[in-house]
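Reading the structure
Chain by chain, the residues run as shown.
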Number of protein chains: 2
Amino acid sequence: MSERIRIGIAGYGNLGRGVEAAIGKNPDMTLVGVFTRRDPAQLTPLNPSTDVFSMDDLTAKRDDIDVLILCGGSKDDLPIQGPELAAHFTTVDSFDTHARIPEYFAAMDAPAQASGTTALISVGWDPGLFSINRLYGEALIPEGDTYTFWGRGLSQGHSDAVRRVDGVAAGVQYTLPAEAAIDAVRSGTRPQLSTREKHTRECFVVLEEGADAASVEQAIVTMPHYFADYDTTVHFISAEELARDHQAMPHGGFVIRSGNTSDTAAQVIEYRLALDSNPEFTASVLVTYARAAFRLNKLGQHGAVTVLDVPPAMLSPKSGAELRAELL
Amino acid sequence: MSERIRIGIAGYGNLGRGVEAAIGKNPDMTLVGVFTRRDPAQLTPLNPSTDVFSMDDLTAKRDDIDVLILCGGSKDDLPIQGPELAAHFTTVDSFDTHARIPEYFAAMDAPAQASGTTALISVGWDPGLFSINRLYGEALIPEGDTYTFWGRGLSQGHSDAVRRVDGVAAGVQYTLPAEAAIDAVRSGTRPQLSTREKHTRECFVVLEEGADAASVEQAIVTMPHYFADYDTTVHFISAEELARDHQAMPHGGFVIRSGNTSDTAAQVIEYRLALDSNPEFTASVLVTYARAAFRLNKLGQHGAVTVLDVPPAMLSPKSGAELRAELL
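The sections below set out a description of the structure shown in this document. (Residues numbered from 1 in each chain as written. Chains lettered and ligands numbered in written order. Predicted model: local features only at pLDDT ≥ 70, side-chain atom pairs only at ≥ 80, totals over all residues. Heavy atoms only, no water.)

**Thoughts on empty space enclosed by the protein**
Spelled out, the test is: The way it works is a 1 Å grid over only the protein atoms, where trapped points that fit a 1.4 Å probe form a cavity and open points with protein on both sides within 12 Å along at least five of seven lines form a pocket, and then any residue with an atom within 4 Å of a point lines it. Grid points are joined across faces, edges and corners, and a volume is the space filled by probe spheres set on the points. The numbering of helices and of strands both runs from the N terminus, where a helix is a DSSP run of H or I of at least 4 residues and a strand a run of E of at least 2. Charged residues are taken to be Asp, Glu, Lys and Arg, nonpolar residues to be Ala, Val, Leu, Ile, Met, Phe, Trp, Tyr, Cys and Pro, and polar residues to be all remaining types, Gly included.
Counted according to the given criterion, the structure contains four cavities of 30 Å³ or more. The computed volume of the largest cavity comes to approximately 70 Å³. Taken together, A:Gly18, A:Ala21, A:Ala22, A:Lys25, A:Asn26, A:Glu280, A:Ser284, B:Ile141, B:Pro142, B:Asn260 and B:Thr261 make up the full set of residues lining the largest cavity. Elements with a contribution of two residues or more to the lining of the largest cavity: α1 (14–23) and α10 (278–298) of chain A together with β12 (251–262) of chain B. Among the elements that make up the lining of the largest cavity, the one with the highest residue count is α1(A) (three residues). Within the lining of the largest cavity, the residues separate by chemical class into four nonpolar, five polar and two charged. Size it by volume and the second largest cavity reaches roughly 60 Å³. Residue lining of the second largest cavity: A:Pro142, A:Thr261, B:Gly18, B:Ala21, B:Ala22, B:Lys25, B:Asn26, B:Glu280 and B:Ser284, and that is the complete set. Those elements that provide at least two residues to the lining of the second largest cavity are α1 (14–23) and α10 (278–298) of chain B. Per-element accounting of the lining of the second largest cavity gives the leading share, three residues, to α1(B).

As C-alpha cells, this is what we get:
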C-alpha cells in the first residue's frame, strides 16, 4: 500500500468519536489526532492511544495532516471555523443547513481557492447520499417525481421542541415515514402527498412531578411548525424507561424516483437507509469522503466541492482495474 | 441553453428504439440519426421524422455527431464494432458480459486514447447503477457484506434455454428474488445465503403438439447451470396466453450493503429498481451518460472510462449552482 492518508479531527462530540472509530476501519488512513477547544487533558478519546491536542495547535501541524475532518455543528461552529481552516487544510465537513449551502459553499470556496486546498462540504446522508440519489433519479428518469421520506429516526430538533414544553422533564421524538405513502409511491402512480400523509411523529415524554398529561399532550400536538401539520402520538413513560429504551440514535429514510420512459412503462428507483446509529454512519461517510478529498486535491481540484462532484471510484481504496474486475 | 448535444444511434433493436425515445425527453440533446447495417429504407423508426442512414455512412458524419450510442449486443456486435467506432467517435455502450469487461475496457481504451475520444463502457443498470451502489456500499461501510438480488424480471438467457428444450414451442422465464432472503438481509444480520435461497425461477411454457408436459418440466428443472441449482416452477399455458400476458420486459432487483460501524450499530443501505421495461430504462441510462461522455471528452478525459469514473453532477443538465441549491 502507498503511504497512508493522514487525518485530523477538529471537534470531538458524537460525530468526532464516530470519525475516530471509522478511521480504524480504513487501513489506508491514519489518525494524527483530535483537536479540541476544550482542555485536551480533560478529553478521553475512544482509543486511549489517540493523541489529543488543543485547537490552537492546529496550524502548527499543517504539514502533518492531509485532510482535516470538521466535526463541529452547522449552526455555530462551521460557518466560522470552516473558512478559517479551509485556508490551511483540505477539509471535509457535514454542513447540513440545506437553505444555507450556497452561501457556505461560497464562504469555503474563496479561502480554499486562494490556498490551493480542497473543501468538500455537506458530506453525510442528507445532505449527501440522499442528494446524490435525488440527482441520479431526476437525471436518469427525466419525466418523473422525486420523493424523500425520513425515518424511522430520532429527530434532534423535534426532541428539543418537546423538551421545551411546560411540564416536560425529558423526552425524545421519532419521525416515521407513513407506510401507506411509501407503498403508493413504490407502485409507480406518482401520488401527490400532503405533509400529513408522508410522515407521522411519535413522542416519548417523562412528565415533571405534578404536570398534567392532557395539557402537555395538547401543547405538543398543536405546536406550530413542529407538530401541528402531522399526526402525532404522545406516550408518557418513566425516566427509567427513557434511559433504558431511548438512548440509541437510529435514523434513515428513503429517496424514491418514480417516472415514465413511455406511456406504458413506469420505472421506480428506490434508495433506502436503515441506520442503528445516525452519528456513526455519518462519521463513516465523512471518513470515506476524506479519501476523495485527498485525491481531488492531489489532482489539482482546488476550492469548494460537494459529494455531487466526486466520482464514485474516488471513494474506494481499490484501483480502477480492481473496481472494474470486482464490482462492475 | 447552450448548443444541444448531437447524438447518433448505432444499431436499432429494442435498445436503439429506447434510446430514440429517451433523447426526446432530454431537451439539451438532439438526434442526428439512426445508423443500421440493414437497408435504411426498410427500417421504420419510432418517430417518422428520425433520419435513418447506413452504418457505412457513419464516418462521413463524424463532424456532425458529438456522442455515438452503441446499441449492439455484447456477444457479437460490441467486441468488433466498439473499438472500430471508438477510433472516430466519443461513445457510450452497454457492454454487459461482466467477466470480459477488463478485456473490453482495454480494447476500447487504446483507440480512444489514440484518437482523443472518450469511450464510456458498460453503462446500464447491471453493470452500471448496481455497480455504483456496490462500490458506494463497500466504501461507506467497510466492515460488511454486499448482496445483489435480481428480479422480478424476464431473463433473456434463461428464456432462450427454456425454448431450446425438446417439446417447447415457446416460453419465457422470470427470475424472482426470494422474499425471505431479502428480509433476512434487510434485518442487518448478514446471513450466508445459498444460490437456491436467494432466487427462484418461474417458467411459462407453450408445448409443441403432442409433447409430454412431465418430461418437459423435468428437462427444465434439472438443466445444469440454468435451473438445477434453483427451485423452479413450470406453468404450461396456451400460445394466446403467452402473447397476451408475457410480452412486457420487466426487470429490476436490489443491491443491499449490510455492515457494522461498531459492535452495536448495524447499518443497511438498500438500492432497488422496479422496472416495467428493462430496455427502455437501460436506454434512458445510456442517454443520461451520453451527457457525461460529452463533458468528459470536452474536459480532455480521453480513453475508456466507466460509470464509476463519472461524477454525479456530470449527469445532470443543471449547473453546479442549481444542483447545490435544489438537490443538495
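Right, picking up where we left off after that structure.
**A closer look at the packing of helix α4 (residues 129–140) of chain A against α10(B)**
Note the following rule: Axis geometry follows a simple rule: fit a line to the C-alpha atoms, using only the stretch in contact for helices, then measure angles between N-to-C directions, giving values from 0 to 180 degrees. Orientation categories follow fixed angle ranges, with anything under 35 degrees roughly parallel, anything over 145 roughly antiparallel, 65 to 115 roughly perpendicular, and all other angles oblique. Contact between two residues is taken to exist if any of their heavy atoms lie within 4.5 Å; hydrogens are not considered.
Where α4(A) meets α10(B), the axes come as close as 9 Å, and the angle between the chain directions of the two elements is 105°. In terms of orientation, α4(A) and α10(B) fall into the roughly perpendicular class. On α10(B), the residues that touch A:Tyr136, A:Ala139 and A:Leu140 of α4(A) are B:Ser284, B:Val285, B:Thr288 and B:Tyr289.

**A look at the sheet that holds strand β8 (residues 153–154) of chain B**
Residues and elements named next belong to chain B. As a reminder, the rule being used: The pairing criterion for strands is at least two bridges between them, as found by DSSP.
Read from one edge of the open sheet, four strands run β8-β9-β10-β11, paired in mixed fashion. Each end of this open sheet is capped by a strand with a single partner; those strands are β8 and β11 (231–236). Here strand β10 (residues 199–207) runs beside β11; their pairing, made up of six bridges, is parallel. Among the inter-strand pairings, Val205 is bridged to a residue of β11, identified as Phe236. Packing of helix α5 (residues 156–163) onto the sheet brings it into contact with β8, β9 (168–177) and β10, and relative to β9 it is tilted by some 145°. Its contacts with the sheet put helix α8 (residues 213–221) on β9, β10 and β11, and the angle it makes with β11 is roughly 150°.

**Let's talk about the interface of chain A and chain B**
To keep it simple, the criterion reads: As used here, buried area is the combined drop in accessible area, with a 1.4 Å probe, of two parts when they are placed together. Every case where a carboxyl oxygen of Asp or Glu lies within 4 Å of a side-chain nitrogen of Lys or Arg is listed as a salt bridge. Polar contacts, as counted here, are pairs of nitrogen or oxygen atoms within 3.5 Å of one another; within protein the pair requires one atom able to donate a hydrogen and one able to accept it, and residues that are adjacent in sequence qualify only if both atoms are side-chain atoms.
On the chain B side, the residues contacting the 63 residues of chain A number 63 residues. Across the interface of chain A and chain B, roughly 5500 Å² is buried in total on both sides, 60% from carbon and sulfur atoms. Where chain A meets chain B, there are four salt bridges. Across the salt bridge formed by B:Glu138 and A:Lys318, the nearest N and O atoms sit 2.9 Å from each other. Summed over the shared surface of chain A and chain B, the number is 32 residue pairs in polar contact (both at pLDDT 80 or more).

**Side note on the relation of the copies chain A and chain B**
Applied cut-off: A least-squares fit on C-alpha atoms brings the copies together, and the residues used are those whose pLDDT is at least 70 in both copies.
It takes a turn of 180° to lay chain A on chain B, together with a shift of 0.0 Å along the axis; the resulting RMSD is 0.1 Å. Here the transformation between the copies is reduced to the relation of a two-fold axis. Considering only C-alpha atoms, the residue of chain A closest to the rotation axis is A:Pro311, which sits at 2.0 Å. Taken as a fraction of all interface residues of chain A, those also at the interface in chain B reach 100%, which identifies the copy contact as same-surface.

**A few points about the nonpolar core**
For clarity, the threshold we go by: Throughout, nonpolar core names a set of buried Ala, Val, Leu, Ile, Met, Phe, Trp, Tyr and Cys residues whose side chains join them through atoms within 4.5 Å. In this scheme, a residue with accessible area under 20% of its type's maximum is buried, one over 50% is exposed, and one in between is partly exposed, where area comes from a 1.4 Å probe on protein chains only.
Counting residues in each nonpolar core, the largest one holds 148 residues, and the members touching the most others are A:Tyr289 and B:Tyr289. Once residues within four sequence positions are removed from consideration, A:Tyr289 is found in contact with A:Val92, A:Leu120, A:Val123, A:Leu129, A:Ile132, A:Val307, A:Val310, A:Leu315, B:Tyr136 and B:Leu140.

**Some thoughts on the side chain of A:Thr118**
Residue and element names in this part refer to chain A. Considering the arrangement of structural elements, one finds Thr118 in strand β6 (residues 118–121). Judged by its relative accessible area of 0%, Thr118 falls in the buried class. A distance of 3.1 Å separates a polar atom in the side chain of Thr118 from a polar atom in the side chain of Asn297.

**As for the packing of α1(B) against α10(B)**
All names here are of chain B. Rules: Should the near helix be turned anticlockwise from the far one by less than a right angle, the crossing is termed left-handed; should it be turned clockwise, right-handed.
It is the contact of α1 with α10, at a shortest axis distance of 8 Å, that shows an interaxial angle of 55°. What the angle tells us is that α1 and α10 run oblique. The two elements α1 and α10 meet at a crossing, and its hand is right-handed. Seen from α1, the contacting residues are Asn14, Leu15, Gly18, Val19, Ala22 and Ile23; seen from α10, they are Pro279, Thr282, Ala283, Ser284, Leu286 and Val287. Each residue belonging to the contact of α1 with α10 can be placed in one class, and the counts come to eight nonpolar, four polar and no charged.

**Things to note about the side chain of A:Ser54**
Residue and element names in this part refer to chain A. Examined against the element boundaries, Ser54 turns out to sit in strand β3 (residues 52–54). On the basis of relative accessible area, Ser54 is assigned to the buried category, the value being 18%. A polar atom in the side chain of Ser54 sits 3.0 Å from the backbone nitrogen of Asp56. Leaving out residues up to four positions away in the same chain, Ser54 has contacts with Phe35, Thr36 and Pro40.

**Considering the sheet that holds strand β2 (residues 29–36) of chain B**
Residues and elements named next belong to chain B. Spatial ordering of the open sheet is given by β3-β2-β1-β4-β5-β6-β14, a layout of seven strands whose pairing is parallel. Single-partner strands in this sheet number two, and they are β3 (52–54) and β14 (303–306). Ignoring which end each strand starts from, the neighbouring axes of this sheet average 25° apart. Looking at chain direction, strand β6 (residues 118–121) and β14 are connected through four bridges and run parallel. Within β14, the position partnered with Leu120 by the bridge is Val305. The strands touched by helix α2 (residues 78–86) are β1 (5–10), β4 (67–70), β5 (90–93) and β6; relative to β4, the strand with the most contacts, the crossing angle is about 175°. Helix-sheet contacts for helix α3 (residues 101–115) involve β4, β5, β6 and β14, and the interaxial angle to β14 is about 140°.

**With respect to unusual backbone geometry**
In this structure, A:Arg152 follows A:Gly151 across a cis peptide bond, with omega equal to -5°. Turning to its location among the elements, A:Arg152 is positioned in the loop between β7 (144–150) and β8 (153–154). Residue B:Pro127 is reached from B:Asp126 by a cis peptide bond, and omega for that bond is 5°. Along the chain, B:Pro127 falls in the loop between β6 and α4 (129–140). Look at A:Arg190: it is not a glycine, yet its phi comes out positive at around 55°.

**Considering the pairing of strand β12 (residues 251–262) of chain A**
In regular strands, side chains alternate between the two faces of the sheet. Residues and elements named next belong to chain A. Across the 12 residues that make up β12, a large majority, 12, are buried. With seven bridges joining them, β7 and β12 adopt antiparallel strand pairing. If you follow Thr146 over to β12, its bridge partner there is Arg257. As judged from the 11 bridges shared by β12 and strand β13 (residues 265–275), these two strands associate in the antiparallel manner. By the bridge assignment, Val255 is partnered in β13 with Tyr271. Counted between consecutive antiparallel strands, the loop separating β12 from β13 contains two residues.

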